[in-house]
Amino acid sequence: MSFFVGLKCRQCGHLYPKEVVFVCEYCFGSVEVEYDYEAIRQVFTKAALATRPKSLWRYRELLPIEGDPTVGLFSGYTPLFRAERLAQALGVDELYIKDDSVSHPTLSFKDRVVSVALTRAREFGFDTVACASTGNLANSVAAHAARAGLARYIFIPADLEAGKIVASLIYHPTLVAVEGTYDEVNRLCAEIGAKYPWAFVNINIRPYYAEGSKTYAYEIVEQLGWRPPQHIVIPAAGGSLITKISKALKELKLLGLIDEAHTRLYAAQATGCAPIVNTIKSYAGGPDDDIIVKPVKPNTIAKSLAIGNPADGYYATRCVLESGGGAASASDEEIVEAMKLLAETEGVFTETAGGVTLAVAKQLIEQGTIPRDESIVICITGNGLKTQEPLVNRVGQGVRIKPTLASFESQLADQLGH
Ligand SMILES: *Cc1c(COP(=O)(O)O)cnc(C)c1O
Ligand SMILES: [Zn+2]
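Residues numbered from 1 in each chain as written. Chains lettered and ligands numbered in written order. Predicted model: local features only at pLDDT ≥ 70, side-chain atom pairs only at ≥ 80, totals over all residues. Heavy atoms only, no water.

Asks: Pulling in residues and values, what's your account of the packing of helix 10 (residues 240-254) against helix 12 (residues 313-323)?
Replies: Viewed as axis vectors pointing N to C, helix 10 and helix 12 meet at an angle of 50°, and their least axial separation amounts to 8 Å. Put simply, helix 10 runs oblique to helix 12. The handedness of the crossing between helix 10 and helix 12 is left-handed. Here helix 10 contributes Ile-242, Thr-243, Ser-246 and Lys-250 to the contact with helix 12, which in turn contributes Tyr-315, Ala-316, Cys-319, Val-320 and Glu-322. In the contact of helix 10 with helix 12, the residues fall into five nonpolar, two polar and two charged. (Axes fitted to C-alpha atoms, helices over the stretch in contact; angles between N-to-C directions. Helix = DSSP H or I, 4+ residues; strand = E, 2+ residues; numbered from the N terminus. Parallel < 35°, antiparallel > 145°, perpendicular 65-115°, else oblique. Left-handed = near helix turned anticlockwise from the far one by under 90°. Contact = heavy atoms within 4.5 Å. Nonpolar A, V, L, I, M, F, W, Y, C, P; charged D, E, K, R; others polar.)

Given below as structure tokens:
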């Protein structure tokens, strides 16, 4: 039933059994899930996939669980669609949106990682789950844990958007608002996790959790008819999504489902918190040891991406460089403009993180880094209903009238041509 064989240190290659291991005891490197790709190749075929349910679990051989999935049965398989009107606005030929703003049940791509993490946490026998979060992970852990009947502790920076806080509290977790940055929340959670027997999805079971992000890329490729796009623009917080899109493309190649993927990956961050983008942009060639991610103190409206000391910053940088891609950052002003542009052209209301991604894609196209005649996927990973604060007074106003035809016609005289 299970095709994952164990864990492996990303730094020194030391192998570990399928247990709760997240740092290598030899070199303190992070560990990653290993699979038996030869066995997977026998059963994971396009024909087999065609008959499977449209959720992220259609890729279950490539996910680190042992039994049947038990959490997030309806998560994943979000729409990927051609964005004609946005393409026209950006002056490009072939543009797609991969839209996790409508993810079930909590409207962000975090439903993918949490579905996998909590299924695995239950297999380990945990009855309590927890996370350190910039908002979306909190929403998703709280919701999935509620449905799975697990106790849930959610740790967030105290200054998150109201929409993100309500969208966690509704599931009745223990919500702990920490007076500090996400990086301080995360450090505290590492300490708490060492003392309490809880599954911290992004800490002690992180290797399992992170694998869920691969499904975002499997879907992009499958939904494009098994034709990987030439460019993918990806928002980065901890940098994990970038590394897992890279891994997923390599796996599809290894399994013979696609030919060589020449997909270039681009990291998108807010200018007020761009440690990964800064590292990619300042890399001047030379050995990987020269890649050093300098932590920053976040100051941006894109709070879901506001991780100043990204856990996977080094690996994300490597994946982007190896793909021949690039990076750029967006100001708060550009983020809001991009949120509006996406809504006005494609009818998609994304959160600030989606604004970051689109604003960065726009820059990369204008600079000529992404050629206008090649296929581009923009990763929209969260929903705008959760981050309304930056839009107040920036989206215009409705017209207020009396409930009469006369009032309607006089207030809208200009538009109606009276
Ligand atoms: C968490 C998150 C990301 C980035 O995730 P990482 O894997 O930590 O880089 C992107 N978009 C949204 C909306 C998120 O919540
Ligand atoms: Zn190691």
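So much for the structure itself; the text now carries on.
Asks: Residues and numbers for the pattern of salt bridges, please.
Replies: Counted according to the given criterion, the structure contains 28 salt bridges. Of the charged contacts, one joins Glu-219 and Arg-112 as a salt bridge, the two residues approaching to 2.8 Å between their closest N and O atoms. Here Glu-219, found in helix 9 (residues 214-223), pairs with Arg-112, found in helix 4 (residues 110-124); they are 107 residues apart in sequence, far enough to count as distant. Given the relative accessible area of 1%, Arg-112 is considered buried. Close ionic contact of Glu-251 with Lys-214 constitutes a salt bridge, the shortest N to O distance being 3.0 Å. Separated by 37 residues along the polypeptide, Glu-251 in helix 10 and Lys-214 in helix 9 bring together distant segments of the chain. With relative accessibility at 2%, the residue Glu-251 sits in the buried group. Its relative accessible area of 0% is what places Lys-214 among the buried residues. (Salt bridge = Lys/Arg side-chain N within 4 Å of Asp/Glu carboxyl O. Buried < 20%, exposed > 50% of the residue type's maximum accessible area, 1.4 Å probe, protein only.)

Asks: How would you sum up the site of ligand 1? Please name residues and give values.
Replies: In the vicinity of ligand 1 there are 14 residues, among which Lys-110, Gly-238, Gly-239, Leu-241 and Thr-381 approach most closely. Within the side chain of Asn-136, one N or O atom sits 2.8 Å away from an oxygen atom of ligand 1. In the environment of ligand 1, an oxygen atom lies 2.8 Å from a nitrogen or oxygen atom belonging to the backbone of Ala-237. Considering ligand 1 on its own, with 390 Å² of exposed area, one finds that the protein chains cover 95% of that surface. One can see that ligand 1 is located within the largest pocket. For the shell around ligand 1, a count of residues per class yields seven nonpolar, five polar and two charged. (Near = heavy atom within 4 Å. Polar contact = N/O pair within 3.5 Å; in protein donor to acceptor, adjacent residues only side chain to side chain. Areas by Shrake-Rupley, 256 points an atom, 1.4 Å probe, with all protein chains shown as cover. 1 Å grid on protein atoms, 1.4 Å probe; cavity = no way out; pocket = protein on both sides within 12 Å on 5 of 7 lines; lining within 4 Å. Sits in = over half its atoms within 2 Å of the grid points.)

Asks: Can you lay out the environment of Gln-367 for me, pointing to particular residues and giving the numbers?
Replies: Relative to the helices and strands, Gln-367 resides in the loop between helix 14 (352-366) and strand 13 (375-380). When the C-alpha positions of Gln-367 and Gly-324 are compared, they lie 16 Å apart, and in sequence the two are 43 residues distant. A polar contact of 2.7 Å, which involves the side chain of Gln-367, links it to the side chain of Thr-369.

Asks: Any chance you could break down the coordination of the zinc ion (ligand 2) for me, citing the residues and the numbers?
Replies: Listed as protein donors to the zinc ion (ligand 2) are Cys-9 (SG), Cys-12 (SG), Cys-24 (SG) and Cys-27 (SG); their distances from the metal cover 2.3 Å. One can describe the donor arrangement at the zinc ion (ligand 2) as tetrahedral, given that its four donor atoms subtend angles of 96 to 117° at the metal. Each donor residue of the zinc ion (ligand 2) belongs to the same chain, and together they define the spacing C-x2-C-x11-C-x2-C. Remark: Cys-27 occurs in the loop between strand 2 (15-16) and strand 3 (31-35) and Cys-12 occurs in the loop between strand 1 (4-9) and strand 2; sequence separation between them is 15 residues. Residue class for Cys-12 comes out partly exposed when judged on its relative accessible area of 44%. (Donors = N, O, S within 2.8 Å, 3.2 Å for Na, K, Ca; no water. Tetrahedral: all angles 85-135°; square planar, octahedral: opposite > 155°, others 65-115°.)

Asks: Can you lay out the packing of aromatic side chains for me, pointing to particular residues and giving the numbers?
Replies: Going through the model one piece at a time under the given rule, you end up with twelve aromatic pairs. Aromatic side chains Phe-155 and Phe-200 sit 5.9 Å apart centroid to centroid with 35° between the ring planes, which places their arrangement in the tilted category. Of this pair, Phe-155 sits in strand 7 (residues 151-157) while Phe-200 sits in strand 9 (residues 199-200); the two residues are 45 residues apart in sequence, bridging distant segments of the chain. Each ring, one from Tyr-314 and one from Tyr-315, has its centre 5.0 Å from the other, and the planes form 80°; the classification is edge-to-face. Given the relative accessible area of 10%, Tyr-315 is considered buried. Connected via pairs of aromatic rings, a cluster forms that spans Tyr-153, Phe-155, Tyr-196, Trp-198 and Phe-200. When the ring centre of Tyr-315 is taken as reference, the NZ or CZ atom of Arg-10 above it lies at 4.0 Å. Positioned over the ring face of Tyr-208 is Arg-120, at 4.9 Å from the centre of the ring. (Phe/Tyr/Trp six-rings, centres within 6.5 Å; stacked < 30°, edge-to-face > 60°. Lys NZ or Arg CZ within 6 Å of the ring centre and 35° of its normal.)

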